[in-house]
Amino acid sequence: ITSEGIKKLSILELLLGNHYLSANSVIIIDEIEANLHPSIYMEYDGLQALNHKLQAKYATVVANEQRSEELYTDDAELVIVAYGICSRVAAGAIEQLRAEGYKVGMLRPQMVWPFPSDALMKIATNGKCKGFLSVELSAGQMIEDVRLAIECKKPVHLYNRMGGNVPSCDEVVEAAKKVLKEI
């Protein structure tokens, strides 16, 4: 949806919300050209050239803009992948696990696109990592990114909370210990 489309939907929502429209109302949206993208006027070869140019631009961004922070990943058998508040909780859990002798580290994506695939693959293939634990405040969206990034070379487990529930350090510690027994 473009900003023009959002504007039209917002106006429609306002009209419906204020009961200005009935089941028999008719709405005429003028300015059809406002919804047309300039690329529809291009020839197929021009569109293909534009797409190649955009793909090259995306590839450059992916190659140069991956951002992440690592904590104890050099010797980690289990690497927790977490961002936002989950990464703060995971960092505390990792300190506790390290104090108990477990080799656990963390990779914190600083941006979700481009996803830090190169750093994850480096960890997955370093000979020490046995698996990953994705700690999320969602239904498990990032776990798929981790699996894709490492080409499923290692098992990737999920510990998640939803509905505004933030995991505690103790919960992440227990989840990590459970995964360590499985890998």
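As shown above, the structure is provided for reference.
Attention here is on the structure that accompanies the text. Note that the structure is a prediction, hence the values are computed from the model and not measured.

Turning next to the pairing of strand S5 (residues 156-160). Summarising the sheet, strand S4 (residues 131-136) and S5 pair through five bridges and their orientation is parallel. In the strand pairing of S5, Glu 136 is matched with Asn 160. For the handedness criterion, the β-α-β arrangement of S4, helix H5 (residues 141-149) and S5 is classed as right-handed.

This part covers the packing of helix H3 (residues 85-99) against helix H6 (residues 169-182). Their axes nearest at 8 Å, the elements H3 and H6 cross at an angle of 60°. By the angle class used here, H3 and H6 are oblique. You can see that H3 and H6 cross each other, and the crossing is right-handed. Seen from H3, the contacting residues are Val 89, Ala 90, Gly 92, Ala 93, Gln 96 and Leu 97; seen from H6, they are Cys 169, Asp 170, Val 172, Val 173, Ala 176 and Lys 177. Classifying every residue of the contact of H3 with H6 gives eight nonpolar, two polar and two charged.

Turning to a nonpolar patch on the surface, a few remarks are in order. Side chains of Leu 9, Leu 12, Leu 16, Ile 27 and Ile 29 sit close together on the surface and give an oily, nonpolar patch of about 430 Å² of accessible area. Structurally, Ile 27 can be placed in the loop between helix H1 (3-17) and helix H2 (44-64).

Now for the pairing of strand S3 (residues 104-109). Judged by how many residues are buried, S3 sits mostly within the fold: six of six residues are covered. Residues Val 104, Met 106 and Arg 108 of S3 are buried on one face, and the alternating residues Gly 105, Leu 107 and Pro 109, pointing to the opposite face, are buried as well. Strand direction decides the pairing type here: strand S1 (residues 68-71) and S3, joined by four bridges, are antiparallel. Across the sheet, Leu 71 pairs through a bridge with Met 106, a residue of S3. Relative to S3, strand S2 (residues 78-81) is paired through four bridges, and the arrangement is parallel. Counted as the bridge partner of Val 81 is Leu 107 from S3.

A rise of 1.5 Å per residue sets the reference length of H3, with its 15 residues, at 21 Å; its end C-alpha atoms lie 22 Å apart and thus fit the reference within 8%. All buried positions along H3 are accounted for by Cys 86, Ser 87, Val 89, Ala 90, Ala 93, Ile 94 and Leu 97. For H3, the angular spread of buried residues about the axis comes to 155°, placing them on one side. Among the exposed residues of H3, those oriented more than 90 degrees off its buried face are Arg 88 and Ala 99. Each element contacted by the buried residues of H3 is listed here: S1, S2, S3, S4 and H6.

Further remarks concern the environment of Val 179. By the secondary structure assignment, Val 179 is in helix H6. Once the C-alpha coordinates of Val 179 and Leu 78 are considered, the two residues, 101 residues apart in sequence, prove to be 8.1 Å apart. Each residue touching Val 179, except ones within four places of it in the same chain, is listed here: Leu 78, Leu 133 and His 157.

Right, let's get into the side chain of Ser 138. Within the element layout of this structure, Ser 138 appears in the loop between S4 and H5. Looking at Ser 138, its side chain comes within polar contact range of the side chain of Glu 136, at 2.6 Å. Beyond its immediate sequence surroundings of up to four residues, Ser 138 is in contact with Asn 160, Arg 161 and Met 162.

Locating Arg 108 in the fold gives a position in strand S3. The contact partners of Arg 108, leaving out residues within four places of it in the chain, are Arg 67, Ser 68, Glu 69, Ala 82, Tyr 83, Ser 87 and Arg 88.

Below, the discussion takes up unusual backbone geometry. Omega for the peptide link from Trp 113 to Pro 114 comes to -5°, which places this bond in the cis form. Counting through the fold element by element, Pro 114 comes out in the loop between S3 and helix H4 (117-124). Residues other than glycine seldom take positive phi values, yet His 19 does so here, at roughly 60°. For His 19, the position within the fold is in the loop between H1 and H2. One non-glycine residue, Glu 151, lies in the positive phi region at around 55°. As for its placement among the helices and strands, Glu 151 is situated in the loop between H5 and S5. On the basis of relative accessibility, which here comes to 54%, the residue Glu 151 falls in the exposed class.

What counts, and where the lines are drawn
Residues numbered from 1 in each chain as written. Predicted model: local features only at pLDDT ≥ 70, side-chain atom pairs only at ≥ 80, totals over all residues. Heavy atoms only, no water. Pairing = 2+ DSSP bridges. Helix = DSSP H or I, 4+ residues; strand = E, 2+ residues; numbered from the N terminus. Right-handed = clockwise from strand over helix to strand, strands pointing away. Axes fitted to C-alpha atoms, helices over the stretch in contact; angles between N-to-C directions. Parallel < 35°, antiparallel > 145°, perpendicular 65-115°, else oblique. Left-handed = near helix turned anticlockwise from the far one by under 90°. Contact = heavy atoms within 4.5 Å. Nonpolar A, V, L, I, M, F, W, Y, C, P; charged D, E, K, R; others polar. Patch = residues over 30% accessible without salt bridge, like charges linked within 9 Å, V, L, I, M, F, W, Y side chains within 5 Å. Areas by Shrake-Rupley, 256 points an atom, 1.4 Å probe, with all protein chains shown as cover. Salt bridge = Lys/Arg side-chain N within 4 Å of Asp/Glu carboxyl O. Buried < 20%, exposed > 50% of the residue type's maximum accessible area, 1.4 Å probe, protein only. Expected span 1.5 Å × (residues − 1). Arc of directions from axis to C-beta. Polar contact = N/O pair within 3.5 Å; in protein donor to acceptor, adjacent residues only side chain to side chain.

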